[in-house]
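These are the residues of each chain, in order.
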Amino acid sequence: QTPDEIAMGALEYDNLVYDILQDAPTTNRYDQIRYFNDWLTKHNSYSTAFNTGNCSSIVWSPMSALRGTTGPEGPVCEGYSRAFKILCDAVDIPCILAVGDAKGTLWGSAESHMWNEVMMDDSKWYAVDVTWNDPMTGMSNEPDESGYESEDWLLLGKNDMVSYNLTFAQSHPNSLIYGQDQMDKWDYDGGSLIADSRYVFTSAIGHTWLDSSYTVHSLSGQK
């Protein structure tokens, strides 16, 4: 790519984020996260070319989801998740990318997947799967809306039941790519960081920021 193409891409990126944020609520994190999920699910549809082995690299980029894309160049899970994180970052909501082999039913087959985990006003982390909130099949005539956009996979805890006899932690187990020596160095047991159950919004929570007693494990091995 040329410097001019890179500059144009960066400008488009900034403009796309700016445009989405124009209608974002400023009331609280809960409303903002619901808005980001709603915008991404209603302006995109999962790539129709992903299973053909002939899809463009744009489907893995957050640009695909930030543009609002349908058809072959629609986002896959990585595009949805990275776009969601970018929007959360823009309004200072702590958000990370989570990866693993996810499945929707106890007897279903697992597949490589990416989703998000966010920290809410109660200083606890919750899971968000924008991709699974935007199913491909539906009754709508609009190419970017299936008619089944939902909040079923929004702000879940690890013990929430997502299917018959299946918890979210079992459905979406994190795949952590490091060895036992690194886990020992970080004093990390490999368990999920997210809360036990789904986030329940209450205006009484207010904005409680990360306190000094909270332990964060960074990729550089520092606590």
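Think of each chain on its own: its residues are numbered from 1, step by step along the sequence as written. For a predicted model such as this one, the threshold for reporting local features is a pLDDT of at least 70, and the threshold for listing and counting side-chain atom pairs is 80 or more; totals across whole chains, interfaces and linings nevertheless cover every residue. Each side-chain value is derived from all of the structure's non-hydrogen atoms; neither hydrogens nor water enter the calculation.

Colleague: Residues and numbers for the side chain of Thr-41, please.
Modeller: Tracing the backbone through its elements, the reader meets Thr-41 in helix H2 (residues 29-43). Assessed through its relative accessible area of 1%, Thr-41 is described here as buried. What qualifies as a polar contact is a pair of N or O atoms within 3.5 Å, subject to a donor-acceptor requirement within protein and to the restriction that residues adjacent in sequence count only when both atoms come from side chains. From its side chain, Thr-41 meets the backbone oxygen of Asn-37 in a polar contact 2.9 Å long. Secondary structure follows DSSP: runs of H or I at least 4 residues long count as helices, runs of E at least 2 residues long count as strands, and numbering of each begins at the N terminus. For every residue, the accessible area obtained with a 1.4 Å probe (protein chains only) is divided by the maximum for its type, and the residue is called buried under 20%, exposed over 50%, and partly exposed between those limits.

Colleague: Give a detailed account of the environment of Lys-103, specifying residues and quantitative values.
Modeller: Position of Lys-103 relative to the elements: it lies in the loop between strand S1 (95-102) and strand S2 (111-119). Distance from Lys-103 to Leu-166, taken between C-alpha atoms, is 9.6 Å for residues 63 residues apart in sequence. Within the structure, the side chain of Lys-103 is placed 3.2 Å from the backbone oxygen of Leu-106, a separation counted as a polar contact.

Colleague: How would you explain helix H4 (residues 77-90) if you had to name every residue and give the values?
Modeller: At 3.6 residues per turn, the α-helix brings residues three or four places apart onto the same side. To estimate the expected span of a helix, count its residues, drop one, and scale the result by 1.5 Å. Along its 14 residues, H4 runs 20 Å from first to last C-alpha, staying within 8% of the 20 Å computed at 1.5 Å per residue. Those residues of H4 lying buried are Cys-77, Gly-79, Tyr-80, Ser-81, Ala-83, Phe-84, Ile-86, Leu-87 and Cys-88. Should any heavy atoms of two residues lie within 4.5 Å, those residues are considered in contact. On its buried face, H4 is in contact with helix H1 (3-21), H2, helix H3 (62-67), S1, S2 and strand S3 (125-128). Count one or two residues on from H4 and you reach Asp-92, which has phi positive near 65°.

Colleague: I'd like to hear about H1, residue by residue, with values.
Modeller: With 19 residues, H1 extends 27 Å from end C-alpha to end C-alpha; this agrees with the ideal 27 Å at 1.5 Å per step. For H1, the set of buried residues is Leu-16, Val-17 and Ile-20. For H1, the angular spread of the buried residues around the axis is 90°, confining them to a single face. Turned more than 90 degrees off the buried face of H1, the exposed positions are Pro-3, Asp-4, Met-8, Leu-11 and Tyr-18. Residues of H1 that are buried make contact with H2, H3 and H4. Our arc is simply the arc of the directions from the helix axis toward the C-beta atoms.

Colleague: I'd love a proper account of the packing of aromatic side chains, names of residues and values included.
Modeller: Pairing of aromatic side chains requires ring centres within 6.5 Å, counting the rings of Phe and Tyr and the six-membered ring of Trp. Pairs whose planes differ by under 30 degrees are stacked, by over 60 edge-to-face, and all others tilted. Within the structure shown, the criterion is met by 10 aromatic pairs. Centroid distance Tyr-30 to Tyr-199: 5.9 Å. Interplanar angle 40°. Geometry classified as tilted. Here Tyr-30 is found in helix H2, whereas its partner Tyr-199 is found in the segment after helix H6 (180-186), with 169 residues between them in sequence. When the centroid spacing of 6.5 Å and the interplanar angle of 85° are considered together, the rings of Trp-115 and Phe-168 count as edge-to-face.

Colleague: Go over the layout of surface pockets, please, and point to the residues and values.
Modeller: Here the second largest pocket is characterised by a volume of approximately 620 Å³. Contributions of two or more residues to the lining of the second largest pocket are made by H4, S1 and S2. Residues that form the lining of the second largest pocket fall into these classes: 12 nonpolar, 10 polar and five charged. A cavity here means a set of points on a 1 Å grid, drawn over the protein atoms and nothing else, where a 1.4 Å probe fits but cannot get out; a pocket is an open set with protein on both sides within 12 Å along at least five of seven lines, and a residue lines either one if it has an atom within 4 Å of a point. Grid points are joined across faces, edges and corners, and a volume is the space filled by probe spheres set on the points. Gly is put with the polar residues, along with every residue not named as nonpolar or charged; the nonpolar set is Ala, Val, Leu, Ile, Met, Phe, Trp, Tyr, Cys and Pro, and the charged set is Asp, Glu, Lys and Arg.

Colleague: Residue-level account of the nonpolar core, with values.
Modeller: If you look at the biggest cluster of nonpolar residues, it comprises 34 residues, and the most contacted ones within it are Ile-33, Phe-84, Val-118 and Leu-155. Breaking this core down by element, the ones donating at least two residues are H1, H2, H3, H4, S3 and strand S4 (154-156). Leave out the neighbours within four places in its chain, and Val-118 touches Ile-33, Phe-84, Cys-88, Ile-93, Pro-94, Cys-95, Lys-124, Trp-125, Tyr-126, Val-128 and Leu-155. The set of buried Ala, Val, Leu, Ile, Met, Phe, Trp, Tyr and Cys residues whose side-chain atoms join them within 4.5 Å is what this entry labels a nonpolar core.

Colleague: Can you tell me about the sheet that holds S4, naming the residues and giving the values?
Modeller: Paired strands are those between which DSSP finds at least two bridges. Read from one edge to the other, the open sheet built from four strands follows the order S1-S2-S3-S4, with strand pairing classed as antiparallel. With one partner strand each, in any of the chains shown, S1 and S4 form the two edges of the open sheet. Put simply, the sheet's adjacent strands are angled 40° from each other on average, direction ignored. Strand direction decides the pairing type here: S3 and S4, joined by two bridges, are antiparallel. Across the sheet, Val-128 pairs through a bridge with Leu-154, a residue of S4. Under this scheme, a helix contributes an axis fitted over its contacting stretch, all axes are lines through C-alpha atoms, and angles between N-to-C directions fall in the 0 to 180 degree range. Of the strands in this sheet, S1, S2 and S3 are in contact with H4, which crosses S2 at around 10°.

Colleague: Describe the pattern of salt bridges, and please don't skip the residues or the numbers.
Modeller: By convention in these notes, a salt bridge is any Lys or Arg side-chain nitrogen within 4 Å of a carboxyl oxygen on Asp or Glu. Enumeration according to the criterion identifies six salt bridges in this entry. The salt bridge involving Arg-82 is made with Glu-78; its shortest N-O contact spans 2.9 Å. Taken as a pair, Arg-82 and Glu-78 lie in helix H4 at a separation of four residues, close to a single helical turn. The partly exposed category is assigned to Arg-82, whose relative accessible area is 31%. Since its relative accessible area comes to 22%, Glu-78 is described here as partly exposed.

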